[in-house]
Amino acid sequence: MDEVQEVKVRKVLIATPAHDGRLDVWYATSLVNSIRVAQANNVFLHPVFMSYDALVQRARNDLFRLAVEGEYDDMIWIDADLEWNPMWIMEMLSRSEDVIGGTYRKKTDDAEMYTVKTHNLDRNEETGYIKVEGVGTGFLKLSRKAFMALWESSEPYQNEGREGRMVCDIQIVDGQLCSEDVVLCQKLNSLGFDIWLAPHMTCVHIGTKKFYGNFEGFIARVKEMQNGREMDTESHQEARRLA
């Protein structure tokens with residue numbers, strides 16, 4: 001009889017804070033399709049929705065705790081109001097980089113703004129990714145190495161009889177109030193992790209309508225401006241937002 005070899009299934013936590021207990025239908029559709037694609041590739045996507053917590057940093061810290069205690073191979077943060085291409089999940093998991101994120105347009109028609117902090121727009125020749133200072137946690141992969149380093153380096157606290165770690169927090173830095181995703185990226189940088197942005201992974205942001213973005217097109221326009229081409233007032237504003 002032929003010997004049957006067990007195939008190791010990669011276990012991935014899909015971490016989604018949902019303050020009001022609701023998930024957008026486009027998020028749900030993307031998640032269902034992502035699970036289907038993952039199953040075909042021996043990947044188990046386990047979505048956990050941390051709901052009804054008024055403190056977003058505590059909700060995110062609880063998701064970190066679940067990732068650590070559950071011995072997940074990776075965790076992917078996805079906000080409940082995003083739509084994405086399921087193949088992006090597989091791409092992030094196929095890469096060796098510990099931290100890979102996508103982006104999304106902010107919910108406004110007044111200006112084209114994205115959840116990215118960078119002075120660098122140069123792409124890696126192999127991957128096409130951009131090394132950035134920070135990205136939003138709305139669509140972000142952390143390897144086990146990365147999330148364990150964050151957990152082990154963060155201050156412990158007790159909450160309702162369970163130990164947590166202050167991985168995500170709101171802080172004042174140089175007189176400026178920094179949100180928990182900015183603080184998280186600062187911690188990753190201080191721990192020696194590069195943060196990579198996949199510019200083609202521009203999620204759809206759901207609000208009063210679908211806010212579509214195209215970050216690749218956006219940075220192409222910014223590069224044109226930086227090369228000294230003619231800029232109108234709106235283009236100058238776009239360039240300053242990434243400067």
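Our subject is the structure listed above.
Residues numbered from 1 in each chain as written. Predicted model: local features only at pLDDT ≥ 70, side-chain atom pairs only at ≥ 80, totals over all residues. Heavy atoms only, no water.

### Considerations on the layout of surface pockets
Its boundaries defined by the atoms lining it, the largest pocket holds a volume of some 750 Å³. Elements with a minimum of two residues in the lining of the largest pocket: β1 (10-18), α2 (56-69), β6 (116-117), β8 (134-135), α5 (180-190) and α7 (233-242). Per element, the largest residue contribution to the lining of the largest pocket is 6 residues, and it comes from α5. (1 Å grid on protein atoms, 1.4 Å probe; cavity = no way out; pocket = protein on both sides within 12 Å on 5 of 7 lines; lining within 4 Å. Points joined across faces, edges and corners; volume = space filled by probe spheres on them. Helix = DSSP H or I, 4+ residues; strand = E, 2+ residues; numbered from the N terminus.)

### Looking at the packing of aromatic side chains
Applying the stated criterion to the full structure yields 8 aromatic pairs. Considering the side-chain rings of F64 and W77, the 5.2 Å spacing of their centres and the 50 degrees angle between planes classify their relative orientation as tilted. Here the residue F64 occupies a position in helix α2, and W77 occupies one in strand β3 (residues 74-78), the gap between them amounting to 13 residues. As far as the burial class goes, F64 and W77 line up, both buried. Residues W88 and F139 carry aromatic rings whose centres are separated by 6.2 Å and whose planes lie at 75 degrees to one another, so their mutual orientation is edge-to-face. (Phe/Tyr/Trp six-rings, centres within 6.5 Å; stacked < 30°, edge-to-face > 60°. Buried < 20%, exposed > 50% of the residue type's maximum accessible area, 1.4 Å probe, protein only.)

### Concerning empty space enclosed by the protein
According to the stated counting rule, one finds 1 cavity of 30 Å³ or more in the structure shown. Taken as a whole, the largest cavity holds about 40 Å³ of empty space. Every residue along the wall of the largest cavity is listed here: D62, R65, Y157, N159, R162, E163 and G164. Where the lining of the largest cavity is concerned, the elements lending two or more residues are α2, β10 (156-159) and β11 (162-165). If you tally residues by element for the lining of the largest cavity, the top one is β11, at 3 residues. Looking at the lining of the largest cavity, its residues break down into 1 nonpolar, 2 polar and 4 charged. (Nonpolar A, V, L, I, M, F, W, Y, C, P; charged D, E, K, R; others polar.)

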